[in-house]
Every structure is written in C-alpha cells, then in structure tokens.
Amino acid sequence: MDAIERMRLSFTLNGRAVEVDVEPSDLLIDVLRDRLGLKGTKRSCDVEVCGACTVLVNGLPVSSCTTLAADADGQTVLTIEGVAQGGHLDRVQRAFVEHAGMQCGFCTPGMVLATTALLNVNPKPDEAEIRHFLRGNICRCTGYIKILEAVKSLV
Amino acid sequence: MLPHRFQYHRPHNLDQVFELIDRYGDDAALYAGGTELLLALKARVLRYEHLVDLKRVPGLKGVRESDGQVVIGALSSHFSLATDPIVKRLVPAYAALSDNIANIRVRVSGTIGGNLCFAEPHADPPAMLAALGASLTLRGRNGERSVAMADFIEGEFTTVREPAEVLTEVRIPVPAVSARFAYCSFGHLERPAVGIAAGYCPERGMPRYRIWAGAIAGQPIRLQSVENALAGVPIENLGDVLADAASSAAQQLPAHDNLQGSADYKRHLAAVLTRRAVEQAAGLPPRKEAA
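Rules of the game
Residues numbered from 1 in each chain as written. Chains lettered and ligands numbered in written order. Predicted model: local features only at pLDDT ≥ 70, side-chain atom pairs only at ≥ 80, totals over all residues. Heavy atoms only, no water. Helix = DSSP H or I, 4+ residues; strand = E, 2+ residues; numbered from the N terminus. Rg over C-alpha atoms; globule rule 2.2 N^0.38 Å. Buried < 20%, exposed > 50% of the residue type's maximum accessible area, 1.4 Å probe, protein only. Contact = heavy atoms within 4.5 Å. Areas by Shrake-Rupley, 256 points an atom, 1.4 Å probe, with all protein chains shown as cover. Lys, Arg positive; Asp, Glu negative; His and termini not counted. Charge placed at Lys NZ, Arg CZ, Asp CG, Glu CD. Domains from an automatic or database assignment. Buried area = accessible area lost by both parts, 1.4 Å probe. Salt bridge = Lys/Arg side-chain N within 4 Å of Asp/Glu carboxyl O. Polar contact = N/O pair within 3.5 Å; in protein donor to acceptor, adjacent residues only side chain to side chain. Pairing = 2+ DSSP bridges.

### What about the overall build of chain B?
Of the regular secondary structure elements, chain B holds 12 helices and 14 strands. Relative to the compact-globule value of 19 Å for 291 residues, chain B shows a C-alpha radius of gyration of 19 Å, a close match. Based on the C-alpha atoms only, the size of chain B along its principal axes is roughly 60 × 45 × 30 Å. Residues counted as buried form 58% of the 291 residues belonging to chain B. Within chain B, counting contacts between residues at least 6 apart in sequence, those at least 24 apart form 59% of the total. Surface summary for chain B: the accessible area is close to 12400 Å², and the carbon and sulfur share equals 49%. With 31 positive and 31 negative side-chain charges, chain B shows a separation of 5 Å between the mean positions of the two kinds.

### Looking at the side chain of Ser135 of chain B
As for its position among the elements, Ser135 of chain B is in strand E6 (residues 135-140). Each residue touching Ser135 of chain B, except ones within four places of it in the same chain, is listed here: Ser146, Val147, Ala148, Met149, Glu169, Val170 and Arg171 of chain B.

### Quick look at the domain arrangement of chain A
Residues and elements named next belong to chain A. With domains assigned, chain A is organised as domain 1 (7-82) and domain 2 (91-152). Summarising the inter-unit geometry, the C-alpha centres of domain 1 and domain 2 are found 20 Å apart. Taken together, the contact pairs 17 residues of domain 1 with 15 residues of domain 2. Summing the contributions of domain 1 and of domain 2, the shared interface buries around 1100 Å²; its carbon and sulfur component is 71%. Where domain 1 packs against domain 2, one counts zero salt bridges. Scanning the region where domain 1 abuts domain 2 turns up three residue pairs in polar contact (both at pLDDT 80 or more).

### Quick look at the pairing of strand E3 (residues 54-57) of chain A
Residue and element names in this part refer to chain A. Every second residue of E3 is oriented toward a common face, with Thr54 and Leu56 on one face and Val55 and Val57 on the other, all of them buried. Strand direction decides the pairing type here: E3 and strand E4 (residues 60-63), joined by four bridges, are antiparallel. Residue pairing for E4: Leu56 is matched across the bridge by Pro61. The antiparallel hairpin formed by E3 and E4 contains two residues in its connecting segment, where Asn58 sits at a positive phi of about 50°. Two elements, E3 and strand E5 (residues 76-78), share two bridges in a ladder whose sense is antiparallel. Bridge pairing links Val57 to Val77 in E5.

Right under this line is the structure:
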C-alpha cells in the first residue's frame, strides 16, 4: 500500500485553537489523552456503550474511543477539562458536587458532558427525558439516584 | 483496541468518491458515521487500507419533502432524524425509532445510510423502513437506481449495493392520514434481539396491516400470514385472531441462537412484540401484562 500520510488537524479544543499532527487511524481519545495531555476523558468499554469517553463535538456527545481524530478536524471539541471556567466549576459540575452525584468518579466526566449536551438541546428536560438522554452513560458504582437528582436540580 | 493503520481520504464530491473506489477497489471502505465500521476495524474483524469519508460530501445530509415522499439524505444521523420537524410531522414512528437507537452518542454519530449499508442484522431501521415501503437511491458513476428497502438487504452484512455505488437517499412515501405505524423491540443489550414494525393502513375503510420482523434473521421478513389473518378484521375484534396469528407466524421465523438469545426465546419475543406493535398501530391502548 501507499505510505501512510500524516494529517495536520486544526480544531477548537476547550475554546482554544489547536493544531496537531496525527495518523489517519488515530482515535480521538488517544490524541486527547496522549498527545494533548487531557486525561479527564476515560477509556472503559471501548465499544460505545458506557459513556466514560464522552466528549462533545459541536455541542453533541460522541464516544471518543470510536471516533477518528480526523473527524475533529475543523470542529469544536469540549472535554471535561474545558467545562470549568477561570478555575470555577460550572453549574453542572456544582450540581454534581452538591448532590454527591459521584462515587468513584470514573464515569463523572462523561456524565457531566452528557448532561451539558442535554441542557444544550433541551434546557427543561423532564425526568423521563433526562433518563432517556443519559441512558447510555453507565455508572458501575450504580449511583444513579444522586446523579438524577443533580441533573434535575438544574432544570 | 486500535485499528490497523489505514489511509484516509476526504473527497468533496461524488465524482471524487467514484475515482477513489476505482483506484482502490476492495481495499477501500466507504466511511460514514463509523459507529459500526470503526468497531469492526478496532476488533480487527475487518481490515481496509483506505477509508473514503463521505461526511464532507455536500448534499448527502438533511431531509426534504418532495412529490409525496420524505427524502432523507443517507448521511443524516439518527439524532438529526429523531429531531427533524419533517420526519416528526409526516413519519412520527420513524422519528421515535431513531430516538431509541442504542444511545445518544451512537445516534449523534451513526447515520441511516451507514446503518443500512453495513447491514448488521441487529438494527432497528430496516424492518420499519420496509413496513413504510421505503426505497433507497443508489448512485453509481453512470447514473442511479432505486431499490425497495424490502429487497436491499440480502442477509447478514450483505446488501445489493455494488462496491462502486453510494447510497445517497432513503425515500419514504408519506403515509396516508389514516395510517399509523408502530415499532416494538426488545433486547438485553443496546441492539434489538427482535424488532417488529407494524403499520395500520386502512383501504377504503377496511383495516389492512403491514408487518415486518427485524433483527431476528439476516434481513427483515414480512409477516404476510399475520397481515392476511388481520385484513378486514374490525379493530374491536383483533383480539380474536391476533395472538394466534402472531404465534404461528413467529414459529416459522428462521431464528438462531446467539448472544441476543436462543432461537426459541426470540420466536417468543417475536410473537409478543407482533401483538403489541399491531395493537399500538391500530390505536388500542397498551395493556398490563407479563411478557
């Protein structure tokens, strides 16, 4: 086969313009974690089921474990590191803290980002809509009630 | 898991897509949302030297209404269809189905065209699109052809699409005002073990149904015996025939044992879900019951 050409990607990451050289087969999660040092994005199931690797692309959640870095080119990406502003937790993070919406914390970056996306597309979700949107984010500590209370407090 | 290395191509029009397919042949895969393809590449059950990304080809996304059809661009995501005003107004059952595929991340990335062309049997759209009488537009270098959804999938991971064709559109005839569609599925994983699409489509005031079973076999299967048994039966008398017709049709389905359940279990599900989907399409209230 032809030699693999590296690609120069330009995208907005957590509000800042970034450029990074990648191979076409590089996954977004690996570029975020290993090239750009953003370890808040977690790899867990690796098959788009658990939500631990959730990042937002143009405001909507994707599984970064099963997204090519190439697909971020020209897009706007938000990871958990970009949610707090100026050293202050944002409202979603504060709600999770105030309602103890976490136990081990491994699913929390994905939960916070999924919640952020939910409120982007539906600022006033009812409980059924919250459960439906967050259905694909799994908490293996099973602390769902507190997470649900945290999200409901934002509506 | 990481995929084997591959070259990535980002064509900006269909002519460039066809050139890449000509140049690389079987070494190239068309790449849409990636929710199926990337999983298979990561698991190394598939290997391609070249990915041809369709996402930046203009004109393949979006929904329009044209000549009594809802025309859906093949690169439209499930999420976009779940929230699209035209789909919600004219084919609400398809919007509802789209809103229940897998999880929100898969719905955001995954596309209707990718879902159909990958032809993973445990998928929701095919049975419903078959019940709706949808047709698919396949574009090649020298023109395009239309294939009925009912004829598109030949078996597991196999369709009638030629390697040098691109699925560009899914066309759904706008259902009659009196028609109503419903989809009932069940699976203990994110994919359906069985999904049943039912349409209540009265003709000259007489009840008629279209009923398709999805996921249980490699391609959607029309439950014609149930359709025949229910034709003309007044809705208030459905209970006299529906359960028996659904059970005997389910027993004939070519189910097999796999991760989603045993063949017997899936035939049981097919009977229950057929009854529920038909009742819902006919406008009967859901009843409390144990499956």
